[in-house]
Amino acid sequence: MLTVDRRTSAISDGLFTDLPEHLNASDVLVLNNTKVFPARLIGRTETGSTVEVFLVNDLGENNWEVLAKPAKRLSTGKKVNFADRLSATTIDRKPNGMVCLRFEVSGDFFETLDEVGQTPLPPYIKRVETPNESDRERYQTVYASNRGAIAAPTAGLHFTPAILDSIREKGVKIVEITLHVGYGTFEPIRVENLSDHHVLPERYEISEEAAETLNAARSEGRRFVAVGTTTARTLESAIRDHGKYLSGKHLAAITITPGYKFRAVNALLTNFHLPCSSLLVLTSTFGGYELIMDSYRRAVEARYRFYSYGDCMLIV
C-alpha cells in the first residue's frame, strides 16, 4: 500500500495490513457492499455462430442491454441459445453499440445465471479458456451482499475479516452502502476535453441505519474514509443532489473532473487505475494531479501491481 499525504505531499511505502494504523477512532470507513453476478454469457446463434454477451443494464421483465461480441451477429429478431434453459432474442440495437435482448428462461433468471454465466473479469486478466472457478470467490469482496454489479469495487478486495475486526476494535465506525458498478465506471474516456465526458448513471442504495450514521458523523465533523472510487462517487453524489444522505434507492449521475470540490470524502483508499479512465481522473482530482502522477511514478519504480488484482494506495 502506497500512502499519499495531500497536506505534506509525502509518499511512503507500506503494507495494506498497516491500514488500521492510518485510521483514527473518530473515523468513518465507508464500504461498497455490492456483489458481482456472473454477467458474461457464451452462446450460439441458430446458424451455429458463437457470440459473447456481457449483461450491462437490467431493463426489467428479463430485457437487458448488453455488449455483444461480435455485435453484428445479433441483428434484430436473431435468436441466441446459451443453455437448455436460457435463450434470448434481439429486440433492438442502440446507436451506442449496445444490443437489447429479451431473455427466455425456464426457472429463476439469476439462479440460471449462477449456473451458466461466467465471472465478468476485466479484459486484461487473461485465462486460457474461461475464468477460473476461484475467480467467483476472489473477484468479490468479503463483505459483498447485494447482487447487481458487473465489476467488483476492487479497492475492497484487499480486506479480510481479521483486518475489518482490527479496524472496529480501534473504534472506527464501519458503514456499508451499495453502488452497483455498471458500464459507466470502466467506460474509457474518448474525448479530448474532460468536460465533454460524462460517466453513465449507476444505481445506489443507502439503508436507513447507514443514512442516520453518515448524517450524524458528518454533522460531528468526522473524517470519511471512502473505500474505492465507487464509494466516493456515491457519497459525493448524495451530498450534491440532496445535501444529506437519504435512505432508499437513487442514481449517482455525478462526473468528477478537475475543479470539482469534494464535500463528503476526506480520505480515499483506491487501486491503481488504467490510463484514460474516469477512475484515474477522480483519483487525481481528489489527490491533486501532480501529486498523484508522482505517486504513480513511484509505484511503477517500486513495481507495485496495478488494476483489479493489484496493490492499492491510501490518499489522506
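Rules used in this analysis
Residues numbered from 1 in each chain as written. Predicted model: local features only at pLDDT ≥ 70, side-chain atom pairs only at ≥ 80, totals over all residues. Heavy atoms only, no water. Core = buried A, V, L, I, M, F, W, Y, C linked by side-chain atoms within 4.5 Å. Buried < 20%, exposed > 50% of the residue type's maximum accessible area, 1.4 Å probe, protein only. Helix = DSSP H or I, 4+ residues; strand = E, 2+ residues; numbered from the N terminus. Contact = heavy atoms within 4.5 Å. Expected span 1.5 Å × (residues − 1). Phe/Tyr/Trp six-rings, centres within 6.5 Å; stacked < 30°, edge-to-face > 60°. Lys NZ or Arg CZ within 6 Å of the ring centre and 35° of its normal.

S.K.: Would you take a moment to explain the nonpolar core for this structure?
M.R.: One broad rule of soluble globular proteins: the nonpolar side chains tend to lie buried together. Formed by 47 residues in total, the largest nonpolar core has its most connected members in L214, L235, Y245 and M313. Examining the composition of this core, we find that 5 residues originate from one element, helix 8 (residues 289-301), more than from any other. Other than its neighbours up to four places away in sequence, Y245 contacts I206, A211, L214, N215, R218, F224, L235, A238, I239 and A264. Core analysis: the next-biggest nonpolar cluster, separate from the first, contains 24 residues, F37, L41, M98 and L101 among them.

S.K.: Looking at this structure, I do not really get helix 8. What am I missing?
M.R.: Within an α-helix, residues lying three or four positions from one another point in the same direction, as the helix has 3.6 residues per turn. If you check helix 8, its first and last C-alpha atoms are 18 Å apart, about what 13 residues at 1.5 Å a residue would give, namely 18 Å. If you check which residues of helix 8 are buried, you get L291, I292, M293, S295, Y296 and A299. Of the surrounding elements, those touching the buried residues of helix 8 are strand 1 (2-4), strand 2 (11-13), strand 16 (267-271), helix 7 (278-287) and strand 17 (312-315). At the C-terminal side of helix 8, R303 shows a positive phi close to 60°.

S.K.: How should I be thinking about the packing of aromatic side chains in this particular structure?
M.R.: Aromatic ring pairs are reported here in terms of the distance separating the ring centres and the angle at which the planes meet. Scanning the model with the defined rule gives 18 aromatic pairs in all. Ring centres of F16 and F159 lie 5.0 Å apart, and the angle between their planes is 85°; this geometry places the pair in the edge-to-face category. With F16 in the loop between strand 2 and strand 3 (28-32) and F159 in the loop between strand 11 (146-149) and helix 3 (161-169), this residue pair connects regions lying 143 residues apart in the sequence. The two residues F16 and F159 agree in class, both being buried. Relative to F306, the ring of Y296 lies with its centre 5.6 Å away and its plane at 90°, an arrangement referred to as edge-to-face. You can see Y296 sitting in helix 8 and its partner F306 sitting in the loop between helix 8 and strand 17, a full 10 residues away along the chain. With a relative accessible area of 9%, Y296 lands in the buried category. For F306, a relative accessible area of 23% corresponds to the partly exposed category. Pairwise contacts between aromatic rings join F37, W64, F82, F103, F109 and F110 into one cluster. Directly above the ring of F286 sits R6, whose terminal nitrogen or CZ lies 4.0 Å from the centroid. Residue placement shows R138 over the ring face of Y309; its charged tip is 4.5 Å from the ring centre.

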